[in-house]
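Structural description and commentary
Read off the chains here:
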Amino acid sequence: AVQYRDITAAVTRSKGAPFVLEKARIREPHGAEVLVRIVATGMCHTDMIVRDQYYPVPLPAVLGHEGAGVVEAVGPQVQNLKVGDHVVLTYGYCGHCVSCDSGHASYCAEFYPRNFSGADAHGHHALMDKDNQPLNDHFFAQSSFATYAISQENNAIRVPKEAPLELLGPLGCGIQTGAGAVINSLKATPGSSFVAFGAGAVGLSAVLAARVAGCSTIVAVDLVESRLALAKELGATHTVNGRDADVIAQLKAITGGGANFALESTGNRHVLRNAIDSLGNLGTVGVVGAPPLGTTAEFDINDLLLGGKKIQGIVEGDSVPQKFIPQLVTLYLQGRFPFDKLVKLYDFKDINQAAADSEKGITLKPVIRIG
Ligand code: NAD
Ligand code: ZN
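Numbering of residues starts from 1 in each chain and follows the order in which that chain's sequence is written. For naming, the first written chain is A and the first written ligand is 1, with later ones following in the order written. Note on the predicted model: pLDDT of at least 70 is required for a residue's local features to be given, and 80 or more for side-chain atom pairs to be given and counted; whole-chain, interface and lining totals, by contrast, use all residues. To obtain the side-chain values, all non-hydrogen atoms of the structure were included, while hydrogens and water were left out.

What the protein contains, in helices and strands, is twelve helices and 17 strands. Our radius of gyration is a C-alpha quantity, and the globule rule it is checked against amounts to 2.2 Å times the number of residues to the power 0.38. At 20 Å, the protein has a C-alpha radius of gyration in line with the 21 Å of a compact globule built from 371 residues. Within the protein, the proportion of its 371 residues that are buried is 56%. For the protein, the accessible surface area stands at approximately 14800 Å², while carbon and sulfur atoms represent 52% of it. Within the protein, the 35 negative side-chain charges are centred at a point lying 3 Å from the centre of the 31 positive side-chain charges. Elements are defined by DSSP. Helices are runs of H or I of four residues or more, strands are runs of E of two residues or more, and each kind is numbered from the N terminus. Burial classes follow relative accessibility: with a 1.4 Å probe on protein chains only, a residue under 20% of its type's maximum area counts as buried, one over 50% as exposed, and anything between as partly exposed. Only the protein chains shown count as cover for residues, and the accessible areas themselves come from Shrake-Rupley with a 1.4 Å probe. Lys and Arg are tallied as positive, Asp and Glu as negative. Neither His nor the chain termini are counted. For this purpose, a charge sits on NZ of Lys, CZ of Arg, CG of Asp or CD of Glu.

As a further point, take the domain arrangement of the protein. Segmentation of the chain into domains, including their bounds, is taken from an automatic or database domain assignment. Its domain assignment divides the protein into domain 1 (4-172 + 338-369) and domain 2 (178-315). A straight line from the C-alpha centre of domain 1 to that of domain 2 covers 29 Å. Buried area between domain 1 and domain 2, both sides added, is near 1400 Å², and the carbon and sulfur share of it is 70%. Buried area: the accessible surface (1.4 Å probe) lost by two parts on joining, summed over both. Per-residue buried area on domain 1 facing domain 2 is highest for Tyr54, Leu342 and Leu364; these three make up 37% of the total on that side. What makes a salt bridge here is a side-chain nitrogen of Lys or Arg within 4 Å of a carboxyl oxygen of Asp or Glu, nothing more. Applying the counting rule to domain 1 against domain 2 returns zero salt bridges. Of the residues in the side of domain 1 that touches domain 2, the class split is ten nonpolar, four polar and two charged. Side-chain classes are defined by residue name, with Ala, Val, Leu, Ile, Met, Phe, Trp, Tyr, Cys and Pro counting as nonpolar, Asp, Glu, Lys and Arg as charged, and the others, Gly among them, as polar.

Our next topic: a nonpolar patch on the surface. Patch membership is restricted to residues that have no salt bridge and whose relative accessible area is over 30%. Joining uses 9 Å for like charges and 5 Å for the nonpolar side chains Val, Leu, Ile, Met, Phe, Trp and Tyr. A grouping of Phe299, Ile301, Leu305, Leu306 and Ile311 is seen on the molecular surface, where their side chains present a nonpolar patch of about 510 Å² in accessible area. With three residues, helix H10 (residues 301-307) is the single largest residue contributor to the nonpolar patch. Residue position: leucine 306 is located in helix H10.

This part covers the nonpolar core. Here is a general trend for soluble globular proteins: nonpolar side chains tend to be buried in one another's company. One finds Leu171, Phe194, Leu204, Phe337 and Phe339 to be the most contacted residues of the largest nonpolar core, which totals 53 residues. When residues of this core are assigned to their parent elements, the largest contribution, eight residues, is made by helix H6 (residues 201-213). The residue makeup of this core includes at least three contributed by each of domain 1 (4-172 + 338-369) and domain 2 (178-315). Pairs of residues are marked as contacts when any of their non-hydrogen atoms sit within 4.5 Å. Apart from the residues lying within four places of it in its own chain, the contact partners of phenylalanine 194 are Val182, Leu186, Ala206, Val207, Ala210, Cys215, Thr217, Ile218, Val219, Phe261, Ala262 and Leu263. Only buried residues count toward a nonpolar core. Its members are Ala, Val, Leu, Ile, Met, Phe, Trp, Tyr and Cys residues joined through side-chain atoms within 4.5 Å. Counting residues in hydrophobic clusters, the runner-up holds 52 residues, among them Val87, Phe139, Phe145 and Phe348.

For the rest of this paragraph, the subject is the site of ligand 1. The environment of ligand 1 is made up of 26 residues, and the closest members are Val202, Asp222, Arg227, Ala290 and Glu316. Here an oxygen atom of ligand 1 sits 3.5 Å away from a polar atom, N or O, in the side chain of histidine 45. Calculation on ligand 1 without its partners gives an accessible area of 860 Å², and the protein chains cover 86% of this total. Counting only elements with at least two residues in the shell around ligand 1, the list comes to helix H1 (45-51), H6 and strand E11 (217-222). By residue number, the principal contributor to the shell around ligand 1 is H1, which donates three residues. Among the domains, domain 1 (4-172 + 338-369) and domain 2 (178-315) are the pair contributing at least three residues each to the shell around ligand 1. Nearness is judged by heavy atoms alone; a residue qualifies as near a molecule or strand once a single heavy atom is within 4 Å of it. Here a polar contact means two N or O atoms within 3.5 Å. Within protein one must be a hydrogen donor candidate and the other an acceptor candidate, and residues neighboring in sequence count only if both atoms are side-chain atoms.

This part is about the environment of alanine 10. Relative to the helices and strands, alanine 10 is located in strand E1 (residues 4-12). In this structure, the C-alpha to C-alpha distance between alanine 10 and serine 144, residues 134 residues apart in sequence, is 9.0 Å. Every residue in contact with alanine 10, bar those within four places of it in the chain, is listed here: Phe19, Val20, Leu21, Ala61, Val62, Leu63, Phe145, Phe348 and Ile351.

Okay, structure coming up:
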């Protein structure tokens, strides 16, 4: 018989509903799965857009996809992780499609089912609620708004024990997305100009990474003044308020004719248009902000064509997580990637406060302390 253990999970019962802490049960790990005792989990804007059903993950569900914790048990096919290892949980991927084989697992052919279907790759659940009804789970191959989570071995990334585990969860999604977009996808070069449209957790991680990459002009654009001030503290050389009527003209002046690299992380189609328009010739804009499915945007075709501009979609910073997450931990421990300045800690019972503070712009990156 399948063994279960008692857990507490934050359940999203219906569209837009608050998270409710409930007693639930999780089964022991099978195959190449690991069971992780969650120490803390980041909260990312993607948790909110799924709660609000921009992406139709079936409900009721346990969300959460920036888990950090300690391996508690391993399935019989696990090879490289052992009980007691510290891990950061990242996105799920199959590991054997053309994208995975070429080192681009965030474009896995099974990305949607493995991260957003509310079940594992075979359509099965690992969680049951207090009435023995299955809960939609395996969100980003983890569902980390819970005291325990099941992931696959390949999305549980071992991190050094000298790093503060409680802070590391966001490296699994939001921070990796912003930093990886700049370093892995855009490949921003030393001396170049970079503009972050949106100075939230993703955009500010991109600002930190632009400094690591040696960009000499780093601009943050946002509507919230406190975020612009923090961007300056983190290494932005300039800031622009997105409400200004002349955003594009200001950016062209700051970058000497247009940006070499830009990142759109607001999910607003008009901001994407501004980002394209403020690129210089041969500039590239990375797109990470996620609007509702089906959203379209407009741009001037001849401006794109004559300027040799590029628009690049990016998932999870196109990172090889086994390589990139430990690299970010090392940069953090060296003081060169102070992502902890984005983090505010909350107790598990205050998870809805964390969500509200994030949506109001009070907190950049909530991290929920769980165990
Ligand atoms: P966030 O809410 O912390 O940041 C968004 C920022 O955009 C906020 O600071 C907000 O003030 C700013 N903003 C909103 N409208 C604006 C406008 N018109 N002009 C200028 N700034 C504006 O969210 P986040 O956690 O940083 O995530 C950003 C986006 O990236 C979300 O859409 C999220 O779903 C998405 N995301 C995508 C990936 C991926 O792999 N592609 C991964 C993680 C998150
Ligand atoms: Zn995320």
